[in-house]
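Commentary on secondary and tertiary structure
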Amino acid sequence: MEIVPLISTHENTTAAPFSGACTSLIHMPLDIFIEICNHLPPYDLHTLTYVCRQFHYWLNSTTSYITRDIWNYSRLNLDEHMKLDPPEGMDEITFIKLSLIEKKCQICKNDQEIPKIYWVFRVRLCTKCFRTRVTIADTIPVWPRDAIDLSLILPYEYLVTSRNIKKCVYWNSELISTLQECLLIPDKEIGDWIFHKQTITNKKIEDSLKRTKNDENRINWLLKKKKDYLDQIVKTLESIKDDTGKKIYIKKHILSQPIYKKAHSTLNTPFMDTGPWPNLLEKLKNEYYENIIIKQRRKSIIYRIIKLLTYRKLSNTKGEIFINDPILDYLEWCPTFIKPPVKLNDVDDVIRRIRVEARDYLKKKLYRRRVSFLTIEGCIKLLTQCKTCAPLFKCKLCWGSRRKSYNSYDEVNRHLACQGTHNLYYSDINDSLIEVDHENVKKLISIWLSKIVLKKTT
Ligand SMILES: [Zn+2]
Ligand SMILES: [Zn+2]
């Protein structure tokens, strides 16, 4: 019995063809390798041949019984639609590789069109690549057709044109070689030769019909498998729960992620090695985290800050955030706020970390600090940022029932200059006559945090 040697004598055969290859894989004993292969469907075996030179060597030997058995076992037991034996004269490995429609067109690897296996010609091609390699029967000039009736002896397939017309075609190289062969046949033998060719052609065409039917079934099976796989991924995500037993991934949001949509839009082809498909679950998880979870986390951080916000400087309550705290000025740049931890069990702990980061920014004078919210300038800027009016300003000269808050800086100035009240010249009015309404500033900061800061952070 002829078998592949266990370990190649060539040093470079066992070397990793690319850096980072796992050395334990390269030095795997053959029996373990075979055991692994016995669990792999043909598609995965084919992929395995590209892992390293050793695997390629083991899996591509057309003379080794072991290799043939691996492929044969995989084809018959691990793929529902590869039960037909190879066509006459084709070895197991070549046959399986040709049968793998999910590997795309053999020439161009076009992932927009499902290729067709033209069994008569033994190729797997997209329409475009096929068209350039065949000759349409009608277009062959009369002189070569005069000698013999090509339609009787040449294997043919059909090319479906863009107008959905079926045209009988011959494989270019086969057409040429047959014509050359024909010219060399002595006249008295031509009859036998034609008969011989006819028999082969008829066999090929008959054989190809049942294989094409089988391919159609296999494509449908692959498409269904692909759709089931996508559904399974959604189910897997939905089943993941946090420590409190709450679902982390919500179906509605999963289905709205661009990666999911991209995967869904390619369910009409059986290809799984391009686009979003490799590592789809991980990619979907990451995208969901970026688009949904991070935003939810930031929201809960902001709501907690709003809750802790105070304008009473001498407040004794632990953890309260004074409206002049640097955390408000630097929040949108704090790394812990931009990328909150995956697990957010204790929001207060996260806020403590953000406060440390904010103080650090203040110390290093990184980024430009906003003007304090306790100053008139700070309040004017806050109003501009929120694009709103709010009663933030109070007149220091008013007392009792006359004391109220004004919606804008201009409004409080008009009040001070008004003849009915203090009757000041505009030149006498300055900011020392105006104070800010802390209660209302606090309210506006809450709105600013939940609307402006949250939107700004991406
Ligand atoms: Zn192609
Ligand atoms: Zn006043």
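In this text, all values refer to a predicted model and were calculated from it rather than measured experimentally.

**A closer look at the overall build of the chain**
In terms of regular secondary structure, the chain is built from 21 helices and 10 strands. Relative to the 2.2 N^0.38 estimate, which gives 23 Å for 458 residues, the radius of gyration of the chain is 38 Å and therefore markedly larger than a compact globule would have. Per-residue burial for the chain yields a buried fraction of 22% across its 458 residues. Pairs at least 24 apart in sequence give 61% of the contacts found in the chain among residues at least 6 apart.

**Overview of the confidence of the model for the chain**
This prediction gives the chain a mean pLDDT of 88; 92% of its residues lie at or above 70. Low pLDDT (under 50) marks residues 1–21, which in the prediction has 29 contacts with non-local residues, meaning those over four places away or in another chain.

**Brief notes about the packing of helix α15 (residues 280–308) against helix α18 (residues 347–364)**
Axis separation between α15 and α18 bottoms out at 10 Å; the angle between their running directions is 85 degrees. Comparing their axes, α18 and α15 come out roughly perpendicular. Residues Ser300, Ile301, Arg304 and Ile305 of α15 lie in contact with α18, whose contacting residues are Val347, Asp348, Val350 and Ile351. Residues belonging to the contact of α15 with α18 are distributed by class as follows: five nonpolar, one polar and two charged.

**A short note on the environment of asparagine 60**
Looking at the element boundaries, asparagine 60 is found in the loop between α5 (53–59) and α6 (65–78). Given 14 C-beta atoms within 10 Å, asparagine 60 falls into the partly exposed group. Asparagine 60 sits 14 residues away from histidine 46 along the chain, and the two C-alpha atoms are 9.5 Å apart. With residues up to four places along the chain from it excluded, the contact list for asparagine 60 reads Thr49 and Ile93.

**Some details on the nonpolar core**
By size, the foremost hydrophobic cluster in this structure holds 31 residues, and its most contacted members are Tyr118, Leu125 and Tyr170. Mapped onto this core, the elements with two or more residues apiece are α4 (42–48), α5, α6, α7 (92–99), β1 (116–118), β2 (123–125) and β5 (166–171). For leucine 125, the contacting residues outside a window of four places in its chain are Cys105, Gln106, Ile107, Pro115, Lys116, Tyr118 and Phe130. Ranked by size, the runner-up nonpolar core spans 29 residues in total, among them Ile305, Leu309, Ile323 and Cys395.

**Details of the sheet that holds β5**
The three strands are arranged β3-β5-β4 in an open sheet whose pairing can be described as antiparallel. Of all strands in the sheet, those bounded by a partner on one side alone are β3 (134–136) and β4 (157–160). Neighbouring strand axes in the sheet, compared pairwise and without regard to direction, differ in orientation by 50 degrees on average. Pairing of β4 with β5 involves four bridges; the strand directions are antiparallel.

**Brief notes about the sheet that holds strand β10 (residues 434–436)**
Sheet strands line up and pair through hydrogen bonds in the backbone, either parallel or antiparallel. The strand order across the open sheet formed by three strands is β9-β8-β10, and the pairing between neighbours is antiparallel. Looking at which strands have only one partner, the edges of the open sheet turn out to be β9 (405–406) and β10. Bridge analysis of strand β8 (residues 393–395) against β9 gives two bridges, and the strand direction is antiparallel. Counted as the bridge partner of lysine 394 is serine 405 from β9. The sheet contacts of helix α20 (residues 409–417) involve β8, β9 and β10, and relative to β8 the element is tilted by about 10 degrees.

**A look at α20**
Quick reminder: α-helices carry 3.6 residues per turn. Residues three or four places apart thus point the same way. Three or more residues of α20 are buried, namely Val412, Asn413, His415 and Leu416. Projected down its long axis, α20 shows its buried positions confined to an angular sector of 155 degrees, all on one face. Buried positions along α20 lie against β8, β9 and β10.

About the thresholds
- Residues numbered from 1 in each chain as written.
- Chains lettered and ligands numbered in written order.
- Predicted model: local features only at pLDDT ≥ 70, side-chain atom pairs only at ≥ 80, totals over all residues.
- Helix = DSSP H or I, 4+ residues; strand = E, 2+ residues; numbered from the N terminus.
- Rg over C-alpha atoms; globule rule 2.2 N^0.38 Å.
- Buried ≥ 20, exposed ≤ 12 C-beta atoms within 10 Å, placed from the backbone.
- Contact = placed C-beta atoms within 7 Å.
- pLDDT = per-residue confidence, 0-100.
- Axes fitted to C-alpha atoms, helices over the stretch in contact; angles between N-to-C directions.
- Parallel < 35°, antiparallel > 145°, perpendicular 65-115°, else oblique.
- Nonpolar A, V, L, I, M, F, W, Y, C, P; charged D, E, K, R; others polar.
- Core = buried A, V, L, I, M, F, W, Y, C linked by C-beta atoms within 7 Å.
- Pairing = 2+ DSSP bridges.
- Arc of directions from axis to C-beta.

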